[in-house]
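What follows is the residue order along each chain.
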Amino acid sequence: MSQKILLDKINIPGIKTYEIYRQNGGYASVEKALKTLTPDEVVEEVKKSGLRGRGGAGFPAGMKWSFIDKKSGKPRHLVCNADESEPGTFKDRYLMEFIPHLLIEGMITSSFALGANLSYIYIRGEYMWVYKILERAIAEAKAAGFLGKNILGSGYDLELYVHCGAGAYICGEETALIESLEGKRGNPRIKPPFPAVSGLWANPTVVNNVETIATVPWIINNSGDDYAKIGIGRSTGTKLISASGHIKNPGVYEIELGLSVDEFMNSDEYLGGMSSSRPLKAFVPGGSSVPILPAELIFKTANGEDRLMTYESLSDGGFATGSMLGSGGFIVYNDTACIVRNTWNFARFYHHESCGQCTPCREGTGWLEKILWRIENGQGREEDIELLWSIQSKIEGNTICPLGDAASWPVAAAIRHFRDEFEYHVRFPEKIKNREHFVAEPFSQVKHLVAKQTI
């Protein structure tokens, strides 16, 4: 059984309330930080821990904190990115819904470390019921003296607010989030300047994910060195994984980084294997924006090494034979899944969520959706596959924010690893008109037709 840092108390009855949370050691990190540590010492502990951002990018949190501008004399802010909108990802909602005070505690301790006196939790608009839970938790913490003026007699002041977004995926990008928080349209900003220098209202700002901030209390209560002992290499600590798809036990899991993908997939402690006798076909390890991998590259890398649940192992081989840990949205597909349809569904999402600021993304995502729809609905042409490849390559790396990359990577990976399935759709349109075309006749049983067919 792996160590639990974030979910160890989540099943305690009443843990949503301040009283029960406090009785079970809650807010101890705030007391320790404010009474015995300096802000720089808190930052140093987070640096030592090796904690990496859990929102997807995996940038070291302590290093990000150290970039914040302290020389300008401007007010500083911490903003929690709770705009969890990546398809396949639901871990942050789980934390906020069932143990909200853990996030509040992390926000206070982290704000102290950054010298922030005004901080925000930016939550996606669809999480309205979670917004209300957080509002109650903040009110309880403030009534108990952990928010407001002169917290615990330390002289440190902090006001914390929850701000609801309006349902735009793009606001998960930190500068678009800041724009939205300022009351503007959620368009990403050109960087530099980075938020650590000029963020919210042009003040130095750090934006961190819910899971990242919720991990800080454990690090301060124990130590950065103790946290760094968990995990493997540069992938330290634990990670929340949102598991879904054709598996026996979908849900949110906290794993120690370094666990093998095989054990996570097949052990009864975790996903319990496939949900039926249908074989594994593919998986997406980190949410819809990361490359999909075929069955032969899931448990082993291209070099024959065990594939591990770490940032490094999942990306082993680059995008040619690897993927990314990303936000931890772990989606499993059996052989009834249609990769073309799945890719179209992802492309449809990214087209809908593009802010439209950058031409390659605004136009390219629309074309990806249209062409994939055409192929999936029996109207595809042979040249459409190369056209998809060309379009995605012109989007990647040519936009202000990573949404363009997020739209192009799934298309590129699907063609790279499942090109013959695209060819099957184009050459045998009559066989794929039924939406469930691979349920009765999986692609593995008909792929030989692609090799035989000549155009």
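Refer to the structure above for everything that follows.
As the structure is a computational prediction, the values presented were derived from the model and not from experiment.

**Looking at the packing of helix H14 (residues 339-353) against helix H17 (residues 403-427)**
Put simply, H14 and H17 touch, their axes get as near as 9 Å, and they point 160° apart. Looking at the two axes, H14 sits roughly antiparallel to H17. The hand of the H14/H17 crossing is left-handed. Here Ile339, Val340, Thr343, Phe346, Tyr350 and Glu353 of H14 lie close against H17, whose contacting residues are Leu403, Ala406, Ala407, Pro410, Val411, Ala414, Phe418, Glu421, Phe422 and His425. Grouping the amino acids of the contact of H14 with H17 by side-chain chemistry returns 12 nonpolar, two polar and two charged.

**Things to note about the pairing of strand S11 (residues 329-334)**
Taken across its six residues, S11 has six buried, putting it largely inside the fold. By the alternation rule, side chains of S11 split into Gly329, Ile331 and Tyr333 and Phe330, Val332 and Asn334, which are all buried. Across four bridges, the pairing between strand S9 (residues 280-284) and S11 is antiparallel. Considered in S11, the bridge of valine 284 is made with isoleucine 331.

**Considering the side chain of threonine 89**
Inspection of the secondary structure puts threonine 89 in the loop between strand S1 (77-82) and helix H5 (91-98). A relative accessible area of 9% places threonine 89 in the buried class. Within polar-contact distance, the side chain of threonine 89 engages the side chain of serine 327 at 2.8 Å. Residue contacts for threonine 89: discarding those within four places in its chain leaves Glu84, Ser242, Gly287, Ser327 and Gly329.

**What to know about the nonpolar core**
Tyr27, Trp65, Leu95, Met96, Leu103, Ile104 and Ile121 are the most contacted members of the largest nonpolar core, which has 59 residues in total. Looking at which element gives the most residues to this core, the answer is helix H6 (residues 100-114), with eight residues. Look past the residues within four positions of isoleucine 121 in its chain and what remains in contact with it is Cys80, Ala82, Leu103, Ile104, Met107, Leu134, Leu160, Tyr161, Val162 and His163.

Reading guide: rules and limits
Residues numbered from 1 in each chain as written. Predicted model: local features only at pLDDT ≥ 70, side-chain atom pairs only at ≥ 80, totals over all residues. Heavy atoms only, no water. Axes fitted to C-alpha atoms, helices over the stretch in contact; angles between N-to-C directions. Helix = DSSP H or I, 4+ residues; strand = E, 2+ residues; numbered from the N terminus. Parallel < 35°, antiparallel > 145°, perpendicular 65-115°, else oblique. Left-handed = near helix turned anticlockwise from the far one by under 90°. Contact = heavy atoms within 4.5 Å. Nonpolar A, V, L, I, M, F, W, Y, C, P; charged D, E, K, R; others polar. Buried < 20%, exposed > 50% of the residue type's maximum accessible area, 1.4 Å probe, protein only. Pairing = 2+ DSSP bridges. Polar contact = N/O pair within 3.5 Å; in protein donor to acceptor, adjacent residues only side chain to side chain. Core = buried A, V, L, I, M, F, W, Y, C linked by side-chain atoms within 4.5 Å.

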